Every structure is written in structure tokens, then in C-alpha cells.
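Commentary on secondary and tertiary structure
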Protein chains: 2
Amino acid sequence: MSAIQPVLDRLDADLDASLERLFSFVRIPSISTDQAYAPDVRRAAEWLVDDLKSIGFDASVRDTSGHPMVVAHHEGPEGSPHVLFYGHYDVQPVDPLELWEDDPFDPKLKEVEPGRKIITGRGSSDDKGQLMLFVEACRAWKAVHGSLPCKITLLFEGEEETGSPSLKPFLEANKEELKADFALVCDTSMWDRDTPAISVGLRGLVGEEVTIHAANRDLHSGHYGGAAANPIRILAKILADIHDENGRVTIPGFYDGVEETPSQVKASWDALNLTPEKFLGEIGLSIPSGEKDRSLLELVWARPTAEFNGISGGYEGEGFKTVIAAQASAKVSFRLVHKQDPEQIRAAFRAFVEERLPADCSVTFEKHGGSPAIQLSYDSPIVTRAKSALSDEWNKQALTIAMGGSIPIVGDFQKLLGMESLLVGFALDDDRIHSPNEKYELSSFHKGQRSWARILAALTA
Amino acid sequence: MSAIQPVLDRLDADLDASLERLFSFVRIPSISTDQAYAPDVRRAAEWLVDDLKSIGFDASVRDTSGHPMVVAHHEGPEGSPHVLFYGHYDVQPVDPLELWEDDPFDPKLKEVEPGRKIITGRGSSDDKGQLMLFVEACRAWKAVHGSLPCKITLLFEGEEETGSPSLKPFLEANKEELKADFALVCDTSMWDRDTPAISVGLRGLVGEEVTIHAANRDLHSGHYGGAAANPIRILAKILADIHDENGRVTIPGFYDGVEETPSQVKASWDALNLTPEKFLGEIGLSIPSGEKDRSLLELVWARPTAEFNGISGGYEGEGFKTVIAAQASAKVSFRLVHKQDPEQIRAAFRAFVEERLPADCSVTFEKHGGSPAIQLSYDSPIVTRAKSALSDEWNKQALTIAMGGSIPIVGDFQKLLGMESLLVGFALDDDRIHSPNEKYELSSFHKGQRSWARILAALTA
């Protein structure tokens, strides 16, 4: 540990300056799903390149057919491993804006209780805050030692929140440049505010937008009500059919490839003793909505879901309008586990909808990304070393857990670059990522930087 | 008929000028449901008052707690009946604006096929065009004879499209002033472009907005999917439960007060020979969506409905957002017939929703108007005389029909002022009222003016 202590000291001394850097980065509204923000997405990429060059990385903005990638390289000592670190610099939309207590793009440090501070803003956690931890660890290491402990490549994406359409082509086109001994992926969470965690299971995702088309124009519900097909009624019926009374998804073949979680893994999750009251209580709920007779952690880590992420149709404004809409649509997503096949699920969903459509109506589908689930090793040497480094920093045994969310890049690294990933992140479940009032704990920001420095030391010792 | 011919001639000669007056009126965007347009609603009321004063009416804008009323009086010959004519000068919203071929508030006269012209614009039919017919008939009568054939009171409302919240209090507060021998109501349709009609049945309406509240904030569907209640899923299930597989409404007690249509009335409707292909074909549909084993005219004229007029929740923007929303809501309306009780239906609907709500979620309701159905006489002397006048003008037997829409004022006139109504209007089913590209036939505008002049003559002969 002789190399690491001065790096940790340097990170402590540089904390205020590192916060200012994060604030500058968060101020750029790099919302990837809305084309109106495309210039801001590019500006965020350029901001990263400038910062990485200042540390000594060979960094550049790399165009794609969508938003650009940022790629940066730094050499390491002869014989050291080559590590690829991945993060994303795009962010989710901010609507409904009126629910934000602070400007989402004017980040602040706020004391929320004595001794506990948070960083506010869209992207403060997902993923600008998380990715800057590693950049800060590199900056401090370089400042103290004049070098880095291993060869490091950074890959920062600007389309993660829109299903990463350009990522696979980019990986394929730049295989030789990007292939490393292993990848570090930072887009994950801690178990709780004091307990670091490494994620070894990730759910996959299939996104679909379904639009039911009925009459060729909006209709007056008095003249046509009782005679004309109502697309909201048709859509509601189809969505309602997707779950049975036990919370199981009824789409034929949906559970193909779903495995039972090994009993010892289940037992380790049960030992975490996370009750529905605790997990759901902080968001104002208490009853698990998924399959009955499954534990809460099974539901969010090891069972697939069908969720309705948005619905719209007819008159949604103030007051009332007695209209029968011409169309209605829903955004539907499926979280996948184990060996479920995304494209098989997509096809089964589309067939399920089409079977339920009245003969005089039609349906259109829009594809929004698809990726299978990931299952990584619980006990590889890299996982064991990283657990030890995290346990040292947080003074608490690091956990190996699964995650309900999807990080498709981990599968792409496996398939396209033949490279396993180590998933370490410092977000918390209450960070409100994708929601109004996103935040990042200052403790995550500070000890997260130190954690990455320790992990780099452990992996290259 | 000596008094009427010069009035008809005058209407023919004044047609262009009457069109210009309607255009000025339509140019005022008097959208009552959106408070942003409140000044325009008032401006429309003032426009009417100015026009009516120019004819010699004692006209004024009358404030309410919502949008104002316009009331105007004109004396008639000693012993003549007193007639109250009702219309509304507010209009529906215009969204989605991009679907309009012409500016909704810049009306035009367009030739759509040889010999057939239409008037474009929001309100051109519903109800500015329809109410101006009667005003033009009065103007011509006054110009020719220097007087009107009977005592006439005009009542024009600015809140019809928002459930008329101020109407009842206004009628109650001004009973003596407004009570007449009978009312003329113009907010109805012809059977087809060449066949005039008198409406004797009107469906009632109950409007409800239901919002399902689940988590206390929007959630990431990866972290919480499978565990947290999804309000879109809950709402879709509740809406789907409202109809059974035969199209019947399943809310307990919903059909209380619904009567079977007399067989001779049903037979007269069957004789009109309106097929689903004809009625629904022009809107791109072909299969009646309501109760099976009912004729199409029964479905729209004599059976109650549950319709979903709007739905919203979660992310509705461009792209995709993997969110579980905190809430989702729907605008639901019920068309009522015969003796169904609006408040009983509202209560039954609310109980139906509450019974289906998970214990950790909540629901809020917003009331949007309620009125019972109306059944008028098929063969009173007034109906008989008006039918004859209409048949003379259109050179075709006028029909007595029912209507799928709601005109709550007819019930209010019955209950509060003890006054029956005669319902005559010249709209067509394809006028696209409440939709983009609303229009009014020039033939309706011209022959409608002449029809009202003939009806005034017939009723006062």
C-alpha cells in the first residue's frame, strides 16, 4: 500500500476542485433521447476530451451515426494489465420539470442532514458523477506518481439512455483499439449508503412502443360512442391481459430461458433481510407487485418483468373533451433474466398484441433497444481483489449482488471483445435517477474516487 | 306565407354579408376549457352583443363565476308566443394543431366538389355557425318587416364545451327573465346533407377524471420493476374491466333505468337502413364496438356507453424512458339514456375503481359534469309545425330522430323553467366537430337561415 496512500491524500485535498469539475459537466444538458439537445450532447463529449487531455490522456471525440463516443488512452508500465473503463455522458430527460426542487442543470452541494451532503442535478449520479470518480482517481494517481499503474483506455458513450444504437458498430469497427484484459463498468449501485457492492447479475431489456390505430380521425364521443372502436379501450385491454392474477406475464413463451436461482444464492439474498416494507416503504409503497411467492430480491434481481413506462391517447389537457381518439400508444419494456432471448420476447409480444386487435383496427410497433441478461462470476480473482479493496475503503465487507437494471454493454464486451467486466458503482437506490431531483451522495463522490484508486492498486499489485 | 317570402329573398341577397359576419365570429378563439383563452371567450360574447344591438335587440354580456352569458330580448306583437333561443359561443380546443389543413381560426369558404362549398374553422359548425343561422333569420325579418313575428329571447352560453358549470345557477337566478313558452335549441344535426331532422332523444353524460397514485415519485423500472406498483398497469386493468366480452358495461347498477326502445320506434330506425359499413366506413372503421345484438342506431341513440376520452402517464415524449410513473390518469365519460341517474353512475364508477385498487395505492377523482338523458315528444303541435316548415324548405320529408350526444340545457329548461324544447340543427356527422378540420356546409348555412325563418313563421302563424 505504499503507492496508494499519497494518491488517497491527494484525492482528499483535491475534493473541492473535483466537485467544481463535476458541476461544470452536469451543467451541460446532454439529453440524448431528444434531438433538440444534440448540440449539448456533443458539448459534453468535448468537455470530457478537454479534461482528459489535461491529465495526459490521448483523448478524442469520435463520430458515429448518432451521438459521438469519447475514447482516451494512457500507457502503463511494461507488463501491466490493460483496463478498459466504460461510462456514459448522456442523461435522461428532466420532465416533469415542475417537480424539481432545484434546476436540474445547475448542480449544488446541499446539506440534507447534519454531516450528510448531496450533489443535486440530472446526471449527478447517472452517470456523470459515477464516471468522474474514475477520472479523478486517474488524475490524482498521475499527479502523485507522474504515471498510471496500468494501461488504461476510457470509453464514454452518449447514447446509453436511448438503447446505445451506435455502440455495437463502434465496438466492431474498433475492436483492436478497445480490446483490453478486462473492463471496468461504473453504472451500478452500492447495497446501502455504507456498504459497497459488486454486481454480478444484470437484467436484460426489451423496449417496445405500441400504437393502436382505430378511426381515421378523432371523433365526437356523442355521435360515435357505442359504435366506433376506441383505441384507448383496446390498448387498456391488451395491457391488462399481459399479467395474470398472480402477477405472471401471460405472453406465450415469455418464461423460456428463465432459470431458478441456485438455493445458496437465494439463501445469501435472504440473509440480507430486505423486507418489502423497507425496500418499498421509502417510495411510499408496501406490497410487491410482481409474481406471488417470490422474495423481493428475486423479483428485482432474478425474475423477468413487463412494465408500462408510458401511455398516451386522446385529450390529456386541462378540463375535458368528449373525444374518441384516432390512436393511443404505450411504451412497454421487459426486463429479462438468464437466457431469455430479447428478439423472441419482442416477437411474442407483437403477436400477443396482434391477436387481440379488432379486425378494423391496426397496430404499429417501434423498437426501442433489446439486450439479454448478464450473469458474471461470483468469485473470479478480479472480483475477489476488488472486494478486498472496497472493504478496506468502506471499512465494511463488500457484497456481491445482482441488479434489476440493464447494462447492455457488459454483454457486448463479452460477445464482441471477448472481455469480462467488473461492475462497481456508488449510486444508491434513492438517487432518483431517471426522476425529478436526481442526486448523488457526497460520500459516494469522495469515497468512490478513493475506492477506484484502491481497486487500481489491487488489480495491478 | 305572404310574410315569409320577402324574408327568404332578403336572406338570399344577404348571404355574402352573413358569411363575413360568421368569419369575424369564428376568428375569435373562444376555447372555454383552457383558462389561457378566457379573454377571447369574453371577446366573443362582446362581439355577439354588438351584433345583436345592431339588429335592435336589448343585448348584454352577463357575468357568471365562469365565462359570461349573452342575453338579448326583442319584443313581438301582442299575443304572440315568447320563444327562447339557445346556443353557445365557446368552442373546443384545436389540438393536435398539425392535423388542420387550414388555420382553425382563419375561416374560409372552400369548394370541395363542383357545386359544394364548405366553411372551415373551429366553431364553424359547433356552435357559432348554427347559432348565427337564427340571428340571421331575425336580422332579415327585422329588415323586411321592421319587427319580429314573436317575442324572442336569446341565451348564448360560453361554457357548453366544459359542462356548463354556471348555467343552472344563471337559469335559477334569472327564471322570470328567461322563462318563455318554449325553447329552440340549435346544437343538433340533419339526418344527411339533404334531409332535415328534429331530434327528440338525447343521451346524457357523466364525465370523470380518475388518477391512480402509486409510488411517491417516478421510479427507475430496472431498480423497482417487479416490486413497485405500476399505476399504468393498475389503470389499464381497471379500464379493461369496465366492458365484458359482449361490449356490455360491467359496473354494478349501470343499466338501472335503461329502457327498451319501443318496437315501432326501432322499426322506423331500421327503415333508415343505416349499415355499420356506411356509418363507420367514412371514418375508416366497419365493426360496431358496442353491445352485440343491437342495431347501429340503437347503439348510438338508445344505449348507454362508457368511453375513455384520454389517458396519460409516464414518459410520453420522443424516444424511451425506463420509468415507472408515480401516477397515471384517464378521462372517462358515460353516455346515458332514458332514466339512468348521473350521480348514481358516478358513484358506482368510483366504487368500481376503488374496489380494484391495491392496498398501497390511492385514487383521486375529478368531476367533469353530469346530466341525465332527455326524451321529448315525437308528435307535439310544435314538432308537427316545425317538421312541415323544414319539409317545405328542403323539399324532402323532415325526420324525427334521436341523438348520441348530450345537450344538458334541454333538461335544465324542463326542470328549472318548466319549458319544453324544439331541437333543430343543420350540422352533419362529418362536420368533424371536436376534431381537426371542423367545417360547416354552405348549404346548411344558407338553407338553415331560411329554415329558421320558415319555422318562426309556422310557429307564429
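Residues numbered from 1 in each chain as written. Chains lettered and ligands numbered in written order. Predicted model: local features only at pLDDT ≥ 70, side-chain atom pairs only at ≥ 80, totals over all residues. Heavy atoms only, no water.

You'll find chain A entered in an unreviewed UniProt entry as Dipeptidase, with Aquamicrobium zhengzhouense given as the organism.

Details of the sheet that holds strand 5 (residues 116-120) of chain B
All names here are of chain B. With respect to topology, 3 strands assemble into an open sheet ordered 4-5-18, the strand pairing being antiparallel. At either end of the open sheet lies a strand with only one pairing partner, and these are strand 4 (109-113) and strand 18 (439-441). Averaged over all adjacent pairs, the angle separating strand axes in this sheet is 40°, with direction ignored. As defined by bridge partners, strand 4 adjoins strand 5 across 4 bridges and the pair is classed as antiparallel. Its bridge partner being in strand 5, Lys-110 is matched across the sheet by Ile-118. Running over the sheet, helix 15 (residues 442-459) touches strand 4, strand 5 and strand 18 and is turned about 55° from strand 18. (Pairing = 2+ DSSP bridges. Helix = DSSP H or I, 4+ residues; strand = E, 2+ residues; numbered from the N terminus. Axes fitted to C-alpha atoms, helices over the stretch in contact; angles between N-to-C directions. Contact = heavy atoms within 4.5 Å.)

Here we look at the domain arrangement of chain A
Residue and element names in this part refer to chain A. For chain A, the domain assignment lists domain 1 (4-202 + 376-460) and domain 2 (204-258 + 304-371). Domain 1 and domain 2 are separated by 35 Å when their C-alpha centres are compared. Across the boundary between the two partners, domain 1 contributes 5 residues, which contact 4 residues of domain 2. Among the residues domain 1 hides against domain 2, the three largest losses belong to Leu-202, Ser-406 and Pro-408. Together they make up 69% of the total. Applying the counting criterion to the domain 1 and domain 2 interface returns 0 salt bridges. (Domains from an automatic or database assignment. Buried area = accessible area lost by both parts, 1.4 Å probe. Salt bridge = Lys/Arg side-chain N within 4 Å of Asp/Glu carboxyl O.)

Describing the UniProt feature "domain: Peptidase M20 dimerisation" (unreviewed entry) in chain A
According to UniProt, the positions carrying the feature "domain: Peptidase M20 dimerisation" (unreviewed entry) are residues 200-360 of chain A. Across residues 200-360 of chain A, the secondary structure splits into 31% helix and 23% strand, with the terminal C-alpha atoms separated by 48 Å. (UniProt positions renumbered as here; feature names shortened; annotations may be inferred.)

Some thoughts on the nonpolar core
Ranked by size, the top nonpolar core spans 112 residues in total, and within it Phe-334 of chain A together with Phe-334 of chain B carry the most contacts. Core analysis: the next-biggest nonpolar cluster, separate from the first, contains 91 residues, Leu-22, Ala-59, Ala-386 and Ile-407 of chain B among them. (Core = buried A, V, L, I, M, F, W, Y, C linked by side-chain atoms within 4.5 Å. Buried < 20%, exposed > 50% of the residue type's maximum accessible area, 1.4 Å probe, protein only.)

Topic: the sheet that holds strand 5 (residues 116-120) of chain A
All names here are of chain A. If you walk across this open sheet you meet the 3 strands as 4-5-18, and the pairing is antiparallel. A single partner strand is all that each edge strand has here, and the edge strands are strand 4 (109-113) and strand 18 (439-441). Averaged over neighbouring strand pairs, the angle between their axes works out to 40° when direction is ignored. Against the sheet, helix 15 (residues 442-460) makes contact with strand 4, strand 5 and strand 18, and its axis sits at roughly 55° relative to strand 18, the strand it touches most.

Considerations on the side chain of His-88 of chain B
Residues and elements named next belong to chain B. Its place among the elements puts His-88 in strand 3 (residues 82-88). There is a polar contact of 3.3 Å between the side chain of His-88 and the side chain of Glu-160. Discounting residues that sit within four places of it in the chain, His-88 has contacts with Asp-126, Asp-127, Lys-128, Leu-131, Glu-157, Glu-160, Glu-161 and Asp-187. (Polar contact = N/O pair within 3.5 Å; in protein donor to acceptor, adjacent residues only side chain to side chain.)

Thoughts on the pattern of salt bridges
Enumeration according to the criterion identifies 76 salt bridges over all chains in this entry. Between Arg-139 of chain A and Glu-136 of chain A there is a salt bridge, with its nearest N and O atoms 2.9 Å apart. Of this pair, Arg-139 of chain A and Glu-136 of chain A are both found in helix 4 (residues 128-145), 3 residues apart, which corresponds to roughly one turn of the helix. Given the relative accessible area of 13%, Arg-139 of chain A is considered buried. In this structure Glu-136 of chain A comes out as buried when scored by relative accessible area, which is 2%. Salt-bridge contacts for Lys-439 of chain B lead to Asp-430 of chain B; the nearest nitrogen and oxygen are separated by 2.9 Å. Look at the salt bridges and you will find they share partners, linking Glu-113, Arg-116, Arg-193, Asp-430, Asp-431, Lys-439 and Glu-441 of chain A into a network.

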